[in-house]
Structures are given as structure tokens and as C-alpha cells.
Amino acid sequence: MSSHAEASEKFIADAERTDWHDETLWFVREKRDKASKVLPEWEALREHASQIKDHTLANLGSYLQAFEAKAQANGIHVHWAADAAEHNAIVHQIIAKEGSKVLVKSKSMLTEECHLNDYLANKGIEVIDTDLGERIVQFRNEAPSHIVLPAIHLKREDVGETFHQHLGTPKGNKDPQFLTEAARQHLRGHFLASEVAITGVNFAIAETGEFVVCTNEGNADMGAHLAKVHIACMGIEKIIPKREDLAVFLRLLARSATGQLITTYSSHFHKPREGQEMHIVLLDNGRTRQLADPKYKNSLKCIRCAACFNTCPVYRRSGGHSYHQPVAGPIGSILAPNIDKKANADLPFASTLCGSCSNVCPVKINIHEQLWFWRQDLMAAGLAPVGKTIGMKLMAFTLAHPAIYRIGGSLLRRFSGMLNTRLNPWYKQREMPVAPKKSFQEWYKKR
Amino acid sequence: MSAREQILGKMEALEPVNHPGNFKGASVDFDFQASLEVVGARVLTAEELEIQFPGRRRYDKTMDGLSLAEVEVLEIDGEFGVAENGAIWLTEEAMPHRVAPFICQHLVINVSKIVPNMHAAYEELKKPSSSFGLFLAGPSKTADIEQSLVIGAHGARSLTVVIRA
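Residues numbered from 1 in each chain as written. Chains lettered and ligands numbered in written order. Predicted model: local features only at pLDDT ≥ 70, side-chain atom pairs only at ≥ 80, totals over all residues. Heavy atoms only, no water.

### Describing the sheet that holds strand β3 (residues 126-129) of chain A
Residue and element names in this part refer to chain A. In spatial order, the strands read β1-β10-β7-β4-β2-β3; together these 6 strands make up an open sheet with parallel pairing. Two strands in the sheet have a free side with no partner beyond their single neighbour: β1 (76-81) and β3. Neighbour-to-neighbour, the strand axes of the sheet open up by a mean angle of 25°, direction not taken into account. Two elements, strand β2 (residues 102-105) and β3, share 4 bridges in a ladder whose sense is parallel. When the bridges of β3 are listed, Val104 appears paired with Ile128. Where helix α5 (residues 84-98) meets the sheet, its contacts fall on β1, β2, β4 (196-199), β7 (229-235) and β10 (277-283), and the angle it forms with β10 comes to roughly 170°. (Pairing = 2+ DSSP bridges. Helix = DSSP H or I, 4+ residues; strand = E, 2+ residues; numbered from the N terminus. Axes fitted to C-alpha atoms, helices over the stretch in contact; angles between N-to-C directions. Contact = heavy atoms within 4.5 Å.)

As C-alpha cells, this is what we get:
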């Protein structure tokens, strides 16, 4: 598996396409800016949302239990899963009991985290991803590259070709309207036929035991309201205390994600439909570990808006696939190492630490600080990139020994070409500065 | 130990942090009709509606989910609209079936009460809530293909709103 640096080197080899990807994401950022500046209370809303989340996390256990009690009283089956494997087994068991071999699923990053589709495929169950962007990447056997805009890395020609292959649309047709209509007809059949529907959860309310699912397409609802069994998959951090708190989050979410005033549909599931079975699976998968660590606890405030992706200069110019796991971008880089330190050790280093992510985060997660904390933790665990580790150790040694510093400095000034070598990671794609004739110390002595 | 016990067991009491309470100071000067247009909904008067959709089906509790798939134009009543974003709160009781506002090809909603923003909206929703409700803002849409906005994804292709006095 390629590291972020290796993968992004391939990505930016196509300079024109990289520029296009960069501009496209920045355009989404600008839409967010426009939508947020309309509200004079925007910063107050961010602070309020941040405080609600801080309070919730400090009382997560009691809020989860309150949610469970209310949800159960309303007829919703509540399941708990310690890790991804348990989550997948629970979901499979529910489906197997019903007997379906094909089912529909709306967007859920949590199910990506658990690799649910692959797990179910191995059990002979086909999952149809119904979000248009997700269906496109599913046809292409790719992972989504963005948690809100899964196919943002594709041009309309790519989608046209994919639909030609899988849906029989005319070759060369790349009209988004036409292609969307084709997807509508194709997925409508699946909605009408599916007895089981899986959705994610944007927010779960402890006060009422209800959960909220937000979409623009209506695909989550088209699946859930026609299905005999609705399975909602949720990370334990998605709880919020009261119904009225939703006002704050629903005002922030769509504006931060796409610059829209609100998603087309914000569906509040309180009780199952008559005759329907409704399940909710609460997943830990390392979230409690993050909760217990004061450095990373704030990452659990995330509402998965992807505003941080759209502003990040590294994400914009390397693409989501360079992050080699389901949640890319800045938030992904602080969540993923918690799930697998070794596999994701490169991600916190894929950053300039510019802080733009923290600036746009609607719930005020200190993402750029956590990237830095992770670097220190990974360095201490011996998982930092080898070249950097050695380079840092050499530098630390040199700076700590004045004599060596002076000798090293004069050697560099005499043979400044020494640093222009592939062994120097800072030389790659940079010109090393021209060395002065004298060091400051030498000049100062002779002045 | 069950997963539930495992998970709850890892949640020791952290440093207490107060809930900040209800949000104060939200903007109230929004135009519902302007917001409706922003989210892609069309506003008609009652007379114009008769001319535009003479063959529409009014909400009828006997309609089942799958037969609704054949309905071209469905008319239902919304509880209230939110001026800040053009969203309309709909409840299960106002629909033939939960899938109704999604599965019909074109949707017509009557609304008379308007609140300024989402905070006011959730003030309205403090009363015992329906088994299912949603904020619906405009026709279904997607920009998943190269950020090109397409109206009419999986839900209704169009939304027409009649603001009744």
C-alpha cells in the first residue's frame, strides 16, 4: 500500500487534472464561505455547537443510556458493537433473519470504516449504494474520495463511460442531467424491491430516542420507508442531548458542507413504520480510546461535513485516494491513526499545519493541533517516516553540539552542493538556498 | 462482558462541562419565499395551482407505499415553513405514507404558518412529536457529477409551494 506521499506523487503527475481537482474543491469552500457570511451569528453558532459537543462527550455514557431507553420504548431495537467485526456480524444477522440477498444502503462513512459491503458480499449479500456519487464509485470498484462528494475526483466523461458500461447509456454521453436520470430509473427499481435498507445516522437525540438522517437526493428515505427492515448504523459520538440542539447543528451542517442553507431532506426517525422492524447499531471501534485521550477527544465532535477537506491545500492537490482509507482529508488524518497506527502513520505528516481546517470546522475541532500531537506520538512509537526520523536525529545532535555545528556549518558553506542530493528529503522539488561566505559568528568576530 | 458493558465501562466521568443552553441571538429577518426559490422550490397562488396541476392527488390515507410510485403529482399539507432556509416541516399524519413526498414525481405542499429560523422551528416541535417527521427543502437534487447541479435525483423532481393565508 502506497504512503500518502507516494500516492500523491502519482496524482500530481497529471498537473492539469490536479489543477482541476484543486479548483473544484476550492469552489465548494467558497460556497461555504458565502453561506456562512450571511449569518452574523456564525461564529457564535460554532462556539455553541462546540460547547454542546464538549458537554455531550463529558457525559457520553449517560446520554447513550438515555438514548437507548427512549429508543427502545419507541420500538427501536438497539444493538452495541465494540468493533467493526462485531458491527458487521450484527448487521448480517439481522439481514439473514429476513432472508434478503440484495439490499439498498444510503451514505454511511461508518459502514465504509467497517468495510461492511465486502463483508456482506462474502456472505452472498449484495449491497447497492444508492447515493449517486457512491453508486458511481461502486460501479468503478473504487473507494469514495470525499465523504460528502464521493465522486468529486471524476469528470463527467468518466461517469458517462461508467454508466455506458453498467447502465447501457449511449457511449460518449456525459450530460449530468441525462446521467442522473439514468441513475434515478436504475435505482428506483432497487428501492421498490428492497426489503432491507441500511442508512447512516447524522444525529441521534438522547432526549427523545430519535435519530436524524440528512440527504439531498432522498435516497435514504426511498430505501427506509419501503423496507420491511431498516438498519441504522451509528458511531457513539453522534449523540446530541436535546431536540432543540438540532437547530444549531442543522444550521451549521449543510452550510459548512456544500454552502446550501439545509439539505433537501432532514428526516427524523422516531418510531418504526407500522409493521416495520427498525434497528440501530451503536459502534465503538476505538472511539472510547479517543474519548479517554485529552489530546484527541475533540476529534469525536466531528459531524462529517468535510469543510476541512475542501479547504486543505494538501487534500485539494492530492485527492482522497491518496489517504488510502475511507475518511480522507484533515479529519481522516487524525481519526485513522487511532484505528490503525501503523497503516496510517503517514497521514498526520501529509499536512503543512496551516490550520485552515481548524478555521472552518463548524464544531471547532483543533485539527491542526491534533495532527501535530499525532506526529509526536508516532515519532515516539517509532512509526514516523524513516528519512525524517534520521534527519531529525542528525539535526538534533548537531544543534546540541556547538563544535560540530560550527564545523558542519563551514563544511556546508564550502561544499554547498553537498545538500543537493536525493538523500536530502528537503531537496526534493526545492532549490536549496545559496550559502553565504561567512557564518554569522565569523562575521560578528571580525566586525 | 457484553459490548454494551465494555463500551459503557470505558466511559468514566470526565471533567464536567456545562451544556450551553438554548442558542440566543439568532437572525430573524429572512424571506420565506426568497429561501424557497434558493432551494429550488416554486411558489404559486392557490389559483395558479389549479391551472398548473388540475389532476393532482390530494393526501389519502388509503394509498399504500408502492401504489404511490404511480402518482404524478401529490398534494400534502405542511405544518409550518422556516423562513431562513425554505424548509417545511411535514409529519407522518399529513401523508398517505412516509415515502409519499419522495416517491411521487412532483410534490405540492400547502403551508400557512411561517417561523423565522430553525430555533423557532424546534420551539414549535416541543410538543409530543410524530413517529416520523422531516424538514423538506425543495425538490430532490444532487451535484455528484462534476459539481453540476441536477434537480430531481431520487425524490420528487419538483416542489411547488402554496402559501395559504
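### Digging into the environment of Glu217 of chain A
Looking at the secondary structure, you find Glu217 of chain A in the loop between β6 (210-215) and α11 (219-224). Considered as a pair, Glu217 of chain A and Asp131 of chain A are 86 residues apart in the sequence and their alpha carbons are 7.2 Å apart. Ignoring any residue separated from it by four or fewer positions in sequence, one finds Glu217 of chain A in contact with Thr130, Asp131, Leu132, Gly133 and Tyr265 of chain A together with Ser140, Lys141, Thr142, Asp144, Ala153, His154 and Gly155 of chain B. Engagement of the side chain of Glu217 of chain A in a polar contact is seen with the side chain of Thr142 of chain B, the distance being 3.5 Å. (Polar contact = N/O pair within 3.5 Å; in protein donor to acceptor, adjacent residues only side chain to side chain.)

### A look at the interface of chain B and chain A
Tallying the contact residues gives 70 residues for chain B and 95 residues for chain A. The interface formed by chain B and chain A includes 6 salt bridges. Taking the shortest distance from any N to any O, the salt bridge between Arg157 of chain B and Glu181 of chain A comes out at 2.7 Å. In this assembly, chain B and chain A are joined by 34 residue pairs in polar contact (both at pLDDT 80 or more). For the side of chain B that touches chain A, the elements supplying multiple residues, two or more each, are α1 (3-9), α2 (32-38), β5 (87-91), α4 (100-103), α5 (118-124), β8 (132-136), β9 (141-142) and β10 (150-151) of chain B. Here the side of chain B that touches chain A is composed, by residue class, of 34 nonpolar, 25 polar and 11 charged. (Salt bridge = Lys/Arg side-chain N within 4 Å of Asp/Glu carboxyl O. Nonpolar A, V, L, I, M, F, W, Y, C, P; charged D, E, K, R; others polar.)

### Focus on helix α16 (residues 329-339) of chain A
Of all 11 residues in α16 of chain A, 10 are buried; the element is thus mostly enclosed. Looking at α16 of chain A, one finds that the buried residues are Gly329, Pro330, Ile331, Gly332, Ser333, Ile334, Leu335, Ala336, Pro337 and Asn338 of chain A. (Buried < 20%, exposed > 50% of the residue type's maximum accessible area, 1.4 Å probe, protein only.)

### Considering the pattern of salt bridges
Summed over all chains, the structure comprises 38 salt bridges over all chains. A salt bridge links Asp129 of chain A to Lys105 of chain A, with the nearest nitrogen and oxygen atoms 3.3 Å apart. On the criterion of sequence distance, the pair formed by Asp129 of chain A in strand β3 and Lys105 of chain A in strand β2 is long-range, its members being 24 residues apart. There is no split in this pair, since Asp129 of chain A and Lys105 of chain A are both buried. The salt bridge partner of Lys107 of chain A is Asp131 of chain A, with a shortest N-O separation of 3.7 Å. With Lys107 of chain A in the loop between β2 and α6 (109-113) and Asp131 of chain A in the loop between β3 and α8 (132-139), this pair connects stretches of sequence that are 24 residues apart. Owing to a relative accessible area of 25%, Lys107 of chain A belongs among the partly exposed residues under this scheme. Residue classification places Asp131 of chain A among the buried residues on the basis of a relative accessible area of 7%. Here the salt bridges share partners, and the residues they tie into one network are Glu50, Arg56, Arg58, Glu75, Asp77 and Arg164 of chain B.

### Examining a positive patch on the surface
Residues and elements named next belong to chain A. Together, Arg406, Lys438, Lys445 and Lys446 line one region of the surface with positive charge. Secondary-structure assignment places Lys438 in the loop between α20 (402-414) and α21 (440-446). A relative accessible area of 44% means that Lys438 is categorised as partly exposed. (Patch = residues over 30% accessible without salt bridge, like charges linked within 9 Å, V, L, I, M, F, W, Y side chains within 5 Å. Areas by Shrake-Rupley, 256 points an atom, 1.4 Å probe, with all protein chains shown as cover. Lys, Arg positive; Asp, Glu negative; His and termini not counted. Charge placed at Lys NZ, Arg CZ, Asp CG, Glu CD.)

### Some words on the packing of aromatic side chains
By the definition in use, this model includes 14 aromatic pairs over all chains. Between Tyr122 of chain B and Phe135 of chain B, the ring centres sit 5.6 Å apart and the planes meet at 70°, which makes this aromatic pair edge-to-face. Of the two residues, Tyr122 of chain B sits in helix α5 while Phe135 of chain B sits in strand β8, which places them 13 residues apart along the sequence. For Tyr122 of chain B, a relative accessible area of 3% translates into the label buried. With a relative accessible area of 0%, Phe135 of chain B lands in the buried category. Ring-pair connections join several aromatic residues into one group, and the members of that group are Phe80, Trp89, Tyr122 and Phe135 of chain B. For Lys53 of chain A, the ring lying beneath its charged end belongs to Phe249 of chain A, and the centroid distance is 5.6 Å. The ring of Trp20 of chain A has Lys155 of chain A lying over it, and the distance from NZ or CZ to the ring centre is 5.0 Å. (Phe/Tyr/Trp six-rings, centres within 6.5 Å; stacked < 30°, edge-to-face > 60°. Lys NZ or Arg CZ within 6 Å of the ring centre and 35° of its normal.)

### Considerations on a nonpolar patch on the surface
Residues and elements named next belong to chain A. Among the surface-exposed residues, Met379, Met392, Met395, Leu399, Tyr405 and Trp426 lie close enough to one another that they form a single nonpolar patch of about 570 Å² accessible area. When residues in the nonpolar patch are grouped by element, the largest group, 3 residues, is from helix α19 (residues 386-400). Position of Met392 among the secondary structure elements: in helix α19. Note on Met392: relative accessible area 36%, which makes it partly exposed.

### Remarks on unusual backbone geometry
Residues and elements named next belong to chain A. Backbone geometry at His115 places phi at a positive 55°, although glycine is not the residue there. Here His115 is to be found in the loop between α6 and α7 (116-122). The exposure class of His115 is partly exposed, given its relative accessible area of 48%. At Leu353, a residue that is not glycine, the phi angle is positive and equals roughly 55°. As for its position among the elements, Leu353 is in the loop between α16 and α17 (356-360). Leu353 gets classed as partly exposed once you look at its relative accessible area, which sits at 29%.

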